[in-house]
Amino acid sequence: MNIIVCIKQVPDTAEIKINPETNTLMREGVPSIINPFDLHAIEAALQIREQLGGRVTVLTMGPPQAETSLREAIAMGADEAVLLSDRAFAGADTWATSYTLAQAIKKLGADMVFCGKQAIDGDTAQVGPETAEFLGMPHISYIRKIEEVKDNYIRVERLMDEGYDIVESSLPVLLTVVRELNQPRLPSLKGKMAAKKAEIKKMGMADIGADEDNLGLRGSPTQVKNIFAPEVKAERKMIEGTPEEQVDSLIRELKEIKII
Amino acid sequence: MPVVVKPEKCTGCETCLDSCPFDAIVLKEGKAYINEYCNACMTCLSVCPEGAIVETEHRTQNTEHRQKLEEYKDVMVFAEQKDGKVVAVSYELLGAGRRLADKLGTKLLAVLLGAGGAEAQELVRWGADKVIVCSDPILEKFNDDTYSEMLARIINGHKPSIVLAGATPAGRSFIPRVAAKLRTGLTADCTSLEIDSETKHLLQVRPAFGGNIMATILCPNYRPQMATVRPRVMKRGEYKADRTGEVINVDLDNIQSRTKVLEFVKEVSEVSVNLHEADFIVAGGRGIGGEKGYKVLQELAEALGGAVGASRAAVDEGWIPYSHQVGQTGKTVNPRIYIACGISGAVQHLVGMQSSDIIIAINKNPEAPIFNVATYGIVGDLFEIVPLLTRKIRELKNL
Ligand SMILES: Cc1cc2nc3c(=O)[nH]c(=O)nc-3n(C[C@H](O)[C@H](O)[C@H](O)COP(=O)(O)OP(=O)(O)OC[C@H]3O[C@@H](n4cnc5c(N)ncnc54)[C@H](O)[C@@H]3O)c2cc1C
Ligand SMILES: Nc1ncnc2c1ncn2[C@@H]1O[C@H](COP(=O)(O)O)[C@@H](O)[C@H]1O
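Here is a short report on the structure shown in this document. (Residues numbered from 1 in each chain as written. Chains lettered and ligands numbered in written order. Predicted model: local features only at pLDDT ≥ 70, side-chain atom pairs only at ≥ 80, totals over all residues. Heavy atoms only, no water.)

1. Some points on the site of ligand 1
Around ligand 1, the structure places 27 residues, and the nearest of them are Arg286, Ser311, Thr329, Ser344 and Asn363 of chain B. Residues near ligand 1 are shared among chains A and B, making this a multi-chain site. Between serine 311 of chain B and ligand 1, the recorded distance is 2.5 Å, taken from a side-chain N or O atom to an oxygen atom. Glutamine 348 of chain B has a polar side-chain atom sitting 2.7 Å from an oxygen atom of ligand 1. In isolation ligand 1 offers 990 Å² of accessible surface; the protein chains occlude 83% of this area. At the level of secondary structure, the elements contributing two or more residues to the shell around ligand 1 comprise helix H9 (312-316), helix H10 (347-353) and helix H12 (382-397) of chain B. (Near = heavy atom within 4 Å. Polar contact = N/O pair within 3.5 Å; in protein donor to acceptor, adjacent residues only side chain to side chain. Areas by Shrake-Rupley, 256 points an atom, 1.4 Å probe, with all protein chains shown as cover. Helix = DSSP H or I, 4+ residues; strand = E, 2+ residues; numbered from the N terminus.)

This is how it looks when you write it as C-alpha cells:
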C-alpha cells in the first residue's frame, strides 16, 4: 500500500496578533507548525501502514523552510518525504496548488492519498477535493472513522451536519480527515534520529512534468485584490452595578428595543 | 517571485515591511526584499510610496480569451436539498444571487438535483427566473462523483458568469471538484459578494488566517466565478407567491459513481441544537467550568425559547457536544440575541457569531476581547448573573 499524505506548513494562527496601528498581521515570532488537521492525516496513514504494510510518503508544496515540517512527519514515523519547491509555484491558489500536488502524486504513485480537512491559514478545505479531481480519483471528505480498509476497498464515516454518513469506495481514493478521527502520536526517539538523517527528496517544475501555465500565480484563476482588517462593532454599552442592577438594566434595555 | 522590489526605486522606508501579512518582506542592505513567504496578496503594492514594488507576471489577456468570457452571462445558484426539501441556505443564496443578477442585468438560474416539482416552484418564488432540475432518484442522496459531474455539465450547457453554493458539508466537498473540472477559481466561505462597478467582476470577500484578516478575491480571467457562502450569512430575498419562472428538466446521462453512501446515521444530542434557526442563543465557554455550568445556560435558553451554543474550549473539555460549537470550525449563527457567557472572544469564535443582531457578553474579566463586539457588556460572574436573568425572564413571561 503506497500512501501519500499532503501536509502544509502554516503559521500558528491562534498565536497571530493584529497590529492595532497598521491593521496588519504581526507574524513575527509566530511559530510555523504542521497544519493541525494534517497531523491526523499522518496518524491515519501510519495506522493503515501498520495494518496492511506499505510505505507512507509525506508531500508538501512550499518554500524551502517547509522542510522542517517534513522532518517532523518523519519523526512521527513517515518513511519518506518530498518537498515540492520551485519559484514557479509561488503565489498558487487552491486550483494551482491542487494541480501541482496531483502532478507530483502521479509521478510518485499512490493507492491512497490523505489530506487534512482544511489548512488553518486559508481555511478553504478545497485542496483535497480538487487534487482528487486532477488525479481522476474519487474522494471522501471529513472522515471521522475508518471502519474497514483492504487492498482495494475502504468504508468510512463521513461527518455531516447532524450526524454521519457511512461511505464506501474502491481504491485508489483521496480522503480528507477531521480531528475526531484519531489522536496523532508524538515523535519517538528513534523517529527523531531518523528525521535528522533523512534525505528530503526535492522536486521542481520539470520533475513533475508540469505545464507552467498551470502553476503558481500565473496558473491561479483567483487573485487576491486586497487584504483588510475585519471591522468591529463600536456600539457597545457596559452595564454597571450590582448583579441585580446589571440584570435589571439589561432587561430594561431589551424591553426598550422590543426584543423581549 | 510574483512580486519584486525595484531596488533603484526603493528608499528603504520600511512601510511595506509592516504591511505584509505574511512577513515576507525583509530589509537587505537598506532595500526591501521579498522572500518565499510571499503569497502574492498585493498589499505592499498599494502601500509603497515610491511605487517600487511591481508584479513580475502581468496577467494580460488576449482578445480571443476575453470574447470567450463574454459568453458567460447569468448568475446560477446551486439549491441543495435534503430528504427532498430545499435547505435554508439555498434561499439565502437566491437572495444574494437575485441582487447580483439585477445589478448585471442578467437572469438568475437555480439548479436542483434529486428533487423537483413543488420544490422547484419554491425556488422561483424566492427569486429564480429559471430552474434546472434533475429529479433522478440516484441524486436524492448527496454523492461527490454524481453531483460534481452533473453540475459541471449543467454549467457547461448554460454558461453562467457566477455560480454560488452553500458552504455546507456537501457544498464544501463537491464544489471544489466542479471548479477543478471547469478550470476556474473558487472562493470559500464568502461573507460579502458585490459586483465591481467598473469591470463587472465579482468581488468576493472572505475571512482568512482564522478570521484575523479579510481578503477580497477576484477571478477575472476565468468563468464562471465560483463561491461558497456559509449558512446564515446572506439575507433572503423577497418571496412572491405569484412569481413565475421556467422549469427545465434534464436527465442523468450515464454518470457513474465510485463512492457509495450506505447509510446516514443521525446524531442529535438530547437538547435542541437547532442553532441555525434559533432567535436566541445562550453560549458558554471555558468559563462555565463544567457540565453543571452548562445546565445554568440551558435554563436561560429554555426560558428564552432558544438554543445553547459553545466555544471550542467548552467542546474540547467535553462539557458540550461538538454540534453546539460556534465559530470558524463550528457553525455560523446569526440570532437576534447571542449571549456569550464565559467566552473570551477569540477571533475563531467571533467569526461564527459576529453578525448576530445583539450580542450580550457576560465575563469576569473586563479586558476580555468579547466586549469589543458586544452590544451590552456585563462584567461579572456568570453563575450570579445568568440565574438572575433566567429568573427575571421567567417572571416576565409568567413561566
Ligand atoms: C484552527 C482553529 C480553529 C478554531 N475554531 C474555533 C471555533 O470554531 N470556535 C471557537 O469557539 N473557538 C475556536 N478556536 C479556539 C479559539 O482560538 C479559542 O481557544 C476558544 O474560542 C476559547 O474559548 P473560550 O473563550 O471558551 O475559553 P477562554 O479563552 O479560556 O476564555 C474563558 C473566559 O471565561 C471567563 N470566565 C471564567 N470564569 C467565569 C465566570 N464564572 N463568569 C464569567 N466569566 C468567566 C474568563 O474571563 C475568560 O474570558 C479555534 C482555534 C484554532 C487554532
Ligand atoms: N501547499 C500544500 N502542500 C501540501 N498539502 C497541501 C498544501 N495546501 C493544502 N494542502 C492539503 O490540503 C488540505 C486542505 O487545505 P486548504 O484547501 O488550503 O484548506 C490541507 O490540510 C493539506 O492536507
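2. Description of the nonpolar core
Residues Val5, Ile42, Val58, Met112 and Phe114 of chain A are the most contacted members of the largest nonpolar core, which totals 39 residues. With six residues, the single largest contributor to this core is helix H1 (residues 36-52) of chain A. Discounting chain neighbours no more than four positions away, the residues touching phenylalanine 114 of chain A are Ile3, Ile4, Val5, Cys6, Ala41, Ala44, Ala45, Ile48, Ile143, Ile146, Leu175 and Val177 of chain A. Of all hydrophobic cores here, the second largest spans 36 residues; its members include Val247 of chain A together with Ala301, Ala303 and Ile360 of chain B. (Core = buried A, V, L, I, M, F, W, Y, C linked by side-chain atoms within 4.5 Å. Buried < 20%, exposed > 50% of the residue type's maximum accessible area, 1.4 Å probe, protein only. Contact = heavy atoms within 4.5 Å.)

3. Brief notes about the sheet that holds strand E7 (residues 80-84) of chain A
Taken in spatial order, the ten strands of this open sheet run E13(A)-E7(A)-E6(A)-E1(A)-E8(A)-E12(A)-E9(A)-E10(A)-E11(A)-E17(B), and their pairing is mixed. With partners counted over all chains shown, the strands left at the sheet margins are strand E13 (201-203) of chain A together with strand E17 (259-266) of chain B, one partner each. Neighbour to neighbour, the strand axes of the sheet diverge by 30° on average, direction disregarded. Note: strand E6 (residues 55-61) of chain A against E7 of chain A, five bridges, orientation parallel. (Pairing = 2+ DSSP bridges. Axes fitted to C-alpha atoms, helices over the stretch in contact; angles between N-to-C directions.)

4. Let's talk about the site of ligand 2
All names here are of chain A. The immediate surroundings of ligand 2 are formed by 18 residues, with Cys6, Asp38, Ala119, Thr124 and Ala125 found nearest. One of the backbone nitrogen or oxygen atoms of cysteine 6 is found 2.6 Å away from an oxygen atom of ligand 2. Interatomic distance of 2.7 Å between a backbone N/O atom of alanine 119 and an oxygen atom of ligand 2. Compared with its free state, where it exposes 480 Å², ligand 2 has 97% of that area covered by protein.

5. Topic: the packing of aromatic side chains
Scanning the model with the defined rule gives ten aromatic pairs over all chains in all. An aromatic cluster is built from Phe78, Phe142, Tyr147 and Phe174 of chain B, whose rings are joined through pairwise contacts. Seen from the ring of tyrosine 33 of chain B, lysine 28 of chain B lies directly overhead, with NZ or CZ sitting 3.9 Å from the centre. When the ring centre of tryptophan 95 of chain A is taken as reference, the NZ or CZ atom of arginine 183 of chain B above it lies at 3.6 Å. (Phe/Tyr/Trp six-rings, centres within 6.5 Å; stacked < 30°, edge-to-face > 60°. Lys NZ or Arg CZ within 6 Å of the ring centre and 35° of its normal.)

6. Quick word on the sheet that holds strand E12 (residues 192-195) of chain B
Strand order in the open sheet made by the four strands is E14(A)-E14(B)-E13(B)-E12(B), with antiparallel pairing throughout. The outermost strands of the open sheet, each flanked by one partner alone, are strand E14 (223-228) of chain A together with E12 of chain B. On average, each strand axis in the sheet is inclined to that of its neighbour by 25°, with strand direction left out of account. Where E14 of chain A lies against strand E14 (residues 213-218) of chain B, five bridges are found, and the strand directions are antiparallel. The residue of E14 of chain B that forms the bridge with valine 224 of chain A is isoleucine 217 of chain B.

7. Re the layout of surface pockets
Here the second largest pocket defines a volume of roughly 1100 Å³. In this structure, the second largest pocket is lined by 40 residues; those nearest its centre are Asp161 and Glu162 of chain A together with Glu80, Lys82 and Val87 of chain B. Contributions of two or more residues to the lining of the second largest pocket are made by strand E10 (153-160) of chain A together with strand E6 (81-82), strand E7 (85-86), helix H4 (88-104), helix H7 (169-182) and E17 of chain B. Among the elements that make up the lining of the second largest pocket, the one with the highest residue count is H4 of chain B (four residues). Class assignment of the residues belonging to the lining of the second largest pocket gives a composition of 16 nonpolar, five polar and 19 charged. (1 Å grid on protein atoms, 1.4 Å probe; cavity = no way out; pocket = protein on both sides within 12 Å on 5 of 7 lines; lining within 4 Å. Points joined across faces, edges and corners; volume = space filled by probe spheres on them. Nonpolar A, V, L, I, M, F, W, Y, C, P; charged D, E, K, R; others polar.)

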